[in-house]
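Spelled out from the first residue to the last, the chains are:
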Amino acid sequence: MFKEMCIFAAWVHGDPRKVIYPTDSYGQFCGQKDTLNENKTILFYFNILKCASPIVLINLQCPTTQLCVSKCPDRFATYIDVQASYRYKPDQWNYFRQFCKPGFNNPRKSVAQVLRDEDCPSMIIPSRPFLKRCFPDFSTKNGVLTVANQTTFKDGRGKTRNVTDLREAANGINNVLDARSVGMKIFEDYAISWYWILIGLFIAMIVSLLFLVLLRFTAGVLFWIFIFGVIGIIGYGIWHCYWEYDHLKGIPGSDLTVYDIGFQTDFRVYLQLRQTWLAFMIILCVVEVIIILMLIFLRNRIRIAIALLKEGSRAIGYIMSTLFYPIVTFILIAICISYWAVTAVFLATSGEPVYKVMANQTLCKYANLTCDPETFNTTNVTKLCPGAQCTFAFYGGESLYHKYIFIFQLANAFVFLWLVNFAIALGQCTLAGAFASYYWASRKPADIPLWPLFSSFGRAIRYHTGSLAFGALILAIVQLIRVILEYLDHKLKGTQNSFTRFLLCCLKCCFWCLERFLKFINRNAYIMIAIYGKNFCTSAKEAFFLLMRNVVRVAVLDKVTDFLLFLGKILVAGGVGVLAFFFFTQRIPVFAQEAPTLNYYWVPLLTVIIGSYLVAHGFFSVYAMCVDTLFLCFCEDLERNDGSTAKPYFMSASLHRILGKKELSPKKAVG
């Protein structure tokens, strides 16, 4: 119910035009269709010197009159000069008055009254539109800051001022403009290289697919090469430590202990001690022995893990459609993000226009107080503060609804997290159902159901929506608590209370661990839901105890899988990245003429590398889900069957051979 209230309030009170269009001093949008400002798309500031920085201009309100104009000034001019010459140079007046308040056309009004009432700006300076606002046209000439090649200008109040008076605003504006220039060049690079970027991502997709297919033949080789490589490197380290230990024998001072020399900031001092190298050698020997003992005692479980990896590659080969399911998850998450972003914008822009008194006199007691523009002229504020105006300040409100907008934003964020976790849960349950149908087929692939992926998706939507939503809800609650803790940590960052910071740090760490644990439990619960169709709590309990009864196998399989998939991601992203580097730098003679000429070759290069990694991650996430599903099915198979004619195993022949005769009874299946 609260969710529906939040959405209803956002869409009823929100107005995204407040983000799209700049707002003038009267609360009107610049450039909005079917209004007087339809052709006036740019916001003009009467006296930009009153504005501290571009950030103030964009986010807050500058204490000067602001009008919507069709174009920015392109010349220097002051109201005093224009008024004095309007009779014989009417063109100057006609040009200047387009930057005055709408309807003002009285050049005979005294300068003092015009400036007091802010009917017109005291000056205009050459400007350029940026972010739909007129900013001074700054440039640097021979290291000197200029505006339209001038270093001074008249402020319209009888003073000649230097352009450096605008330096605070100029520095920020020039940085933004430089960033815009870089942004345009990056956009140009994307415009002429997008075709080759897509080709690079397609190559990454093909390489990822080949890697998964070849894992059934190379998984064991890659793993054992890595393991023996680690053993060899540690062995070399042991030999080097012994060589250093023996080499320092007889050298004066080398027999001192670490305790004798105390703490030294130059750590190279410790390398001159025999005791240091002896300690390194002992540590490496212990690590070497531990690794060798683990390989000896866990060799059978490592073989099972490698066999499951190969079996996963075989399963994906039979159900190739699963490799493209991440596209569905991506689309669902993109819809969730769009929904959250639009609702957040409506909530952020749901305030009403707030007007405040803007007075030229610093001692005016009504300055910055709220006012009503419709009744302002009937009050005595203009008498007590001559020249004061009631101008638009910002969007906000004092109603009960506006006080709880932050709560609505939190509710919107919670709904977003819930929907995203549900989309991920739906994908995991769908893939688990498809791969489980492969494992429990008596004859593979003859007994695999027709269209296993679509059948599994239909079952997940029809029967398991509630269970998936419940699991996603639990995870979303923990994630929302983490978001709130991060917000509190950001707000309290400047405090000096060490206990508060320590408590927040502990809470953040605990909830991070809890989130990781819940993701692990949910993932395996969804697999059990896909296999047996039970509710979430029952499936989570059965999955947890099943994994605990096979905790060693879980640890071994998890590490072996993580290593091989990480290696695959690095190989795909690195290989395609190297190829893209040589192509975009025109170092491949055959394609030198085809390579586009770029401003920054690293723009498409980084895009290809990151995109290739994401493509590989998408493919490999399916593979990881496949291996996890097959592992749970494997454990269930061992506990429920004994390999007899009445209860035959459903596992593949390779897994059956690895188990051997010792694990043919269900009681010995745990471990």
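Keep in mind it's a predicted model, so treat the numbers as computed, not measured.

A.B. asks: Any chance you could break down the nonpolar core for me, citing the residues and the numbers?
C.D. replies: Looking at soluble globular proteins, one finds that nonpolar side chains tend to be buried together. L308, F435, F620, Y623 and F634 are the most contacted members of the largest nonpolar core, which has 86 residues in total. Every element with two or more residues in this core is listed here: α7 (167-247), α10 (299-318), α14 (405-439), α15 (452-463), α17 (498-532), α18 (536-549), α19 (551-584) and α20 (602-640). When residues in this core are grouped by element, the largest group, 18 residues, is from α20. With 20 residues, the next largest nonpolar core counts I42, A77, F96 and I124 among its residues.

A.B. asks: Explain the packing of aromatic side chains to me, and be specific about the residues and the numbers.
C.D. replies: Overall, the coordinates contain 30 aromatic pairs when judged by the stated rule. Seen in terms of ring centroids, F44 and F46 are 6.1 Å apart; in terms of plane orientation they differ by 55°. Their pairing is tilted. As far as the burial class goes, F44 and F46 line up, both buried. Connected via pairs of aromatic rings, a cluster forms that spans W194, Y195, W196, F583 and F584. The aromatic ring of Y95 is capped on one face by R75, whose charged end is 3.7 Å from the ring centroid. Here R274 stacks its cationic end above the ring of Y245, 4.0 Å away from the centre of that ring.

A.B. asks: So what's going on with the pairing of strand β1 (residues 42-45)? Which residues, and what values?
C.D. replies: Covered by surrounding structure in β1 are I42 and F44 together with L43 and Y45, the residues of both alternating faces. As paired strands, β1 and strand β2 (residues 66-69) are joined by four bridges and run antiparallel to one another. For I42, the partnering residue across the bridge sits in β2 and is V69.

A.B. asks: Describe the pattern of salt bridges, with residues and values.
C.D. replies: Oppositely charged side chains are able to pair whenever their charged atoms sit close together. What the rule picks out here adds up to 13 salt bridges. A salt bridge links D81 to K154; its shortest N-O distance comes to 4.0 Å. With a gap of 73 residues between them, D81 in helix α4 (residues 79-84) and K154 in strand β9 (residues 152-154) connect regions that are remote in the sequence. Taken together, the salt bridges that share partners define one network made up of R482, E515 and K519.

A.B. asks: Go over the packing of α17 against α18 with me, naming the residues and quoting the values.
C.D. replies: Relative orientation of the contacting elements α17 and α18 amounts to 105°, with a least axis distance of 8 Å. The angle between the axes of α17 and α18 places the two elements in the roughly perpendicular class. Facing F517, F520, I521, N522, N524, A525, Y526, M528 and I529 of α17, the residues of α18 in contact are F536, S539, A540, E542, A543, F544 and L547. Among the residues forming the contact of α17 with α18, the class breakdown is 12 nonpolar, three polar and one charged.

A.B. asks: Residues and numbers for unusual backbone geometry, please.
C.D. replies: The residue A148 is not glycine, and still its phi comes out positive at about 55°. Here A148 is to be found in the loop between β8 (144-147) and β9. By relative accessible area, A148 is classed as partly exposed at 37%. Phi at W451 takes a positive value of approximately 50°, unusual for a residue other than glycine. As for its position among the elements, W451 is in the loop between α14 and α15.

A.B. asks: I'd like to hear about the pairing of strand β6 (residues 133-136), residue by residue, with values.
C.D. replies: With burial as the criterion, each face of β6 is covered, one bearing R133 and F135 and the other bearing C134 and P136. Note: strand β5 (residues 127-130) against β6, four bridges, orientation antiparallel. What sits directly across from F130, in β6, is R133.

A.B. asks: Tell me what's going on with the side chain of T329, and back it up with residues and numbers.
C.D. replies: Its place among the elements puts T329 in helix α11 (residues 325-348). With residues up to four places along the chain from it excluded, the contact list for T329 reads A423 and G427.

A.B. asks: For the state of the cysteines, give the residues involved together with the corresponding values.
C.D. replies: Put plainly, two cysteines are in a disulfide when a covalent bond ties their sulfur atoms together. For the structure shown, the criterion picks out four disulfides. In this model C371 forms its disulfide with C390; the gap between the sulfur atoms is 2.0 Å. The chirality of the disulfide connecting C371 with C390 is right-handed, given an S-S dihedral of about 105°. Highlighted residues: C371 in strand β12 (residues 370-371) and C390 in strand β13 (residues 389-396), separated in sequence by 19 residues. Of the residues examined, C371 reaches a relative accessible area of 19% and is grouped as buried. A residue is classified by how much of its surface remains accessible, and C390, at 11% relative accessible area, is buried. Looking at C509, it has no disulfide partner, and the nearest cysteine sulfur is the one in C513, 4.4 Å off. A residue is classified by how much of its surface remains accessible, and C509, at 44% relative accessible area, is partly exposed.

A.B. asks: Can you tell me about the side chain of N524, naming the residues and giving the values?
C.D. replies: Structurally, N524 can be placed in helix α17. Its relative accessible area of 5% is what places N524 among the buried residues. Of the polar contacts made by the side chain of N524, one reaches the backbone oxygen of F520; its length is 2.8 Å. Among residues more than four places away in sequence, those in contact with N524 are A543, L547 and L632.

A.B. asks: Any chance you could break down a nonpolar patch on the surface for me, citing the residues and the numbers?
C.D. replies: On the surface, a nonpolar cluster with roughly 710 Å² of combined accessible area is contributed by F202, I203, I206, V207, L210, L214, F217 and L579. For the nonpolar patch, the leading source of residues is α7, giving seven residues. Considering the arrangement of structural elements, one finds F202 in helix α7. Of the residues examined, F202 reaches a relative accessible area of 48% and is grouped as partly exposed.

A.B. asks: So what about α15? Which residues, and what values?
C.D. replies: Taking 1.5 Å per residue, 12 residues should reach 16 Å; α15 reaches 16 Å between its end C-alpha atoms and fits that length. Turning to α15, its buried residues are P452, L453, S456 and A460. One side of α15 carries all its buried residues, which in axial view fall inside an arc of 100°. In α15, those exposed residues whose orientation departs by more than 90 degrees from the buried face are F454 and R462. Buried residues belonging to α15 abut α11, α14 and α16 (465-491).

A.B. asks: So, the packing of α19 against α20: which residues are in play, and what are the values?
C.D. replies: For the pair α19 and α20, interaxial distance at closest approach is 9 Å and the crossing angle is 160°. Classed by the angle they form, the pair α19 and α20 counts as roughly antiparallel. As α19 packs across α20, the resulting crossing turns out to be right-handed. Here the residues of the contact of α19 with α20 sort into 22 nonpolar, five polar and two charged.

Definitions and cut-offs
- Residues numbered from 1 in each chain as written.
- Predicted model: local features only at pLDDT ≥ 70, side-chain atom pairs only at ≥ 80, totals over all residues.
- Heavy atoms only, no water.
- Core = buried A, V, L, I, M, F, W, Y, C linked by side-chain atoms within 4.5 Å.
- Buried < 20%, exposed > 50% of the residue type's maximum accessible area, 1.4 Å probe, protein only.
- Helix = DSSP H or I, 4+ residues; strand = E, 2+ residues; numbered from the N terminus.
- Phe/Tyr/Trp six-rings, centres within 6.5 Å; stacked < 30°, edge-to-face > 60°.
- Lys NZ or Arg CZ within 6 Å of the ring centre and 35° of its normal.
- Pairing = 2+ DSSP bridges.
- Salt bridge = Lys/Arg side-chain N within 4 Å of Asp/Glu carboxyl O.
- Axes fitted to C-alpha atoms, helices over the stretch in contact; angles between N-to-C directions.
- Parallel < 35°, antiparallel > 145°, perpendicular 65-115°, else oblique.
- Contact = heavy atoms within 4.5 Å.
- Nonpolar A, V, L, I, M, F, W, Y, C, P; charged D, E, K, R; others polar.
- Disulfide = S-S within 2.5 Å.
- Polar contact = N/O pair within 3.5 Å; in protein donor to acceptor, adjacent residues only side chain to side chain.
- Patch = residues over 30% accessible without salt bridge, like charges linked within 9 Å, V, L, I, M, F, W, Y side chains within 5 Å.
- Areas by Shrake-Rupley, 256 points an atom, 1.4 Å probe, with all protein chains shown as cover.
- Expected span 1.5 Å × (residues − 1).
- Arc of directions from axis to C-beta.
- Left-handed = near helix turned anticlockwise from the far one by under 90°.

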